[in-house]
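Next come the chains, spelled out residue by residue.
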Amino acid sequence: MGVEGTLEYFSGLLSSYKRKKRKQLQTVELKVRMDCEGCELKVKNILSSMKGVQSVDVNRKQQRVTVTGYVEASKVLKKVKSTGKTAEMWPYIPYNVVANAYTSQAWDKKAPPGYVRNVEALAISNPGSRPDDQYTTMFSDENPNACSIM
């Protein structure tokens, strides 16, 4: 067995170890209730101390926190909630992305300027209501809010 055989043997041993899957670089956006500069610093410091976080951007006016790094969204959310702040995944998308941005489901008074609530996420969570059902119940006798013109 020569030098080449020995190198192949050792490389085979090293590659046989199971390697942990590396998390992918991702951006996690959260809506966090922050009132003052102290709240902002508290959230920023606790997220910066997480393993795998590369950058933390806090926008207090929009109540928005953006975390970039090799992290899981659920762990970031859990870490922010551990500070005692009310937090949820960022529920808004730019209004020009949505086909019907001014429907009652998408429009939200609390949304930052230029954003509406993510309607696709609402549609997935409530698959029972279809647009056809809304039209058929609009003129139904069983609906107390039905049109009474007829």
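Cut-offs used in this document
Residues numbered from 1 in each chain as written. Predicted model: local features only at pLDDT ≥ 70, side-chain atom pairs only at ≥ 80, totals over all residues. Heavy atoms only, no water. Salt bridge = Lys/Arg side-chain N within 4 Å of Asp/Glu carboxyl O. Helix = DSSP H or I, 4+ residues; strand = E, 2+ residues; numbered from the N terminus. Buried < 20%, exposed > 50% of the residue type's maximum accessible area, 1.4 Å probe, protein only. Pairing = 2+ DSSP bridges. Axes fitted to C-alpha atoms, helices over the stretch in contact; angles between N-to-C directions. Contact = heavy atoms within 4.5 Å. Polar contact = N/O pair within 3.5 Å; in protein donor to acceptor, adjacent residues only side chain to side chain. Phe/Tyr/Trp six-rings, centres within 6.5 Å; stacked < 30°, edge-to-face > 60°. Lys NZ or Arg CZ within 6 Å of the ring centre and 35° of its normal.

**Student:** Please provide a residue-by-residue account of the pattern of salt bridges, values included.
**Tutor:** Evaluated as defined, the whole model comprises 3 salt bridges. For E29, the salt bridge is made with R64, and the minimal N-O distance between the two is 2.5 Å. With E29 in strand β1 (residues 26-32) and R64 in strand β3 (residues 64-69), this residue pair connects regions lying 35 residues apart in the sequence. The partly exposed category is assigned to E29, whose relative accessible area is 28%. You can call R64 buried: its relative accessible area is 13%.

**Student:** An account of the sheet that holds β3 is needed here, citing residue identities and associated values.
**Tutor:** Taken in spatial order, the 4 strands line up as β2-β3-β1-β4 in an open sheet, and their pairing is antiparallel. Two strands lie at the open edges of the sheet, namely β2 (53-59) and β4 (87-89), each paired on one side alone. Along the sheet, successive strands turn relative to each other by an average axial angle of 25 degrees, direction set aside. As paired elements, β1 and β3 share 6 bridges and run antiparallel to each other. Bridge pairing in β3 places L30 opposite V65. Packing against the sheet, helix α2 (residues 37-48) makes contact with β1, β2 and β3, and its axis sits at approximately 165 degrees to β2. Helix α3 (residues 73-81) contacts β1, β3 and β4 of the sheet and is inclined by roughly 30 degrees relative to β1.

**Student:** Outline the side chain of Q63, listing residues and values.
**Tutor:** Structurally, Q63 is set in the loop between β2 and β3. With a relative accessible area of 17%, Q63 lands in the buried category. At 2.7 Å, the side chain of Q63 and the backbone nitrogen of M34 are in polar contact. Setting aside its immediate chain neighbours within four residues, Q63 contacts L30, K31, V32, R33, M34 and W90.

**Student:** How would you sum up the environment of C39? Please name residues and give values.
**Tutor:** Considering the arrangement of structural elements, one finds C39 in helix α2. Put simply, C39 and K85 are 46 residues apart on the chain and 8.4 Å apart in space, counted from C-alpha to C-alpha. Non-local contacts of C39, meaning those with residues more than four positions away in its chain, are made with M34 and K85.

**Student:** Explain the packing of aromatic side chains residue by residue, including any values.
**Tutor:** Under the criterion given, the structure shown has 0 aromatic pairs. When the ring centre of W90 is taken as origin, the NZ or CZ atom of R64, which lies over that ring, is 4.5 Å away.

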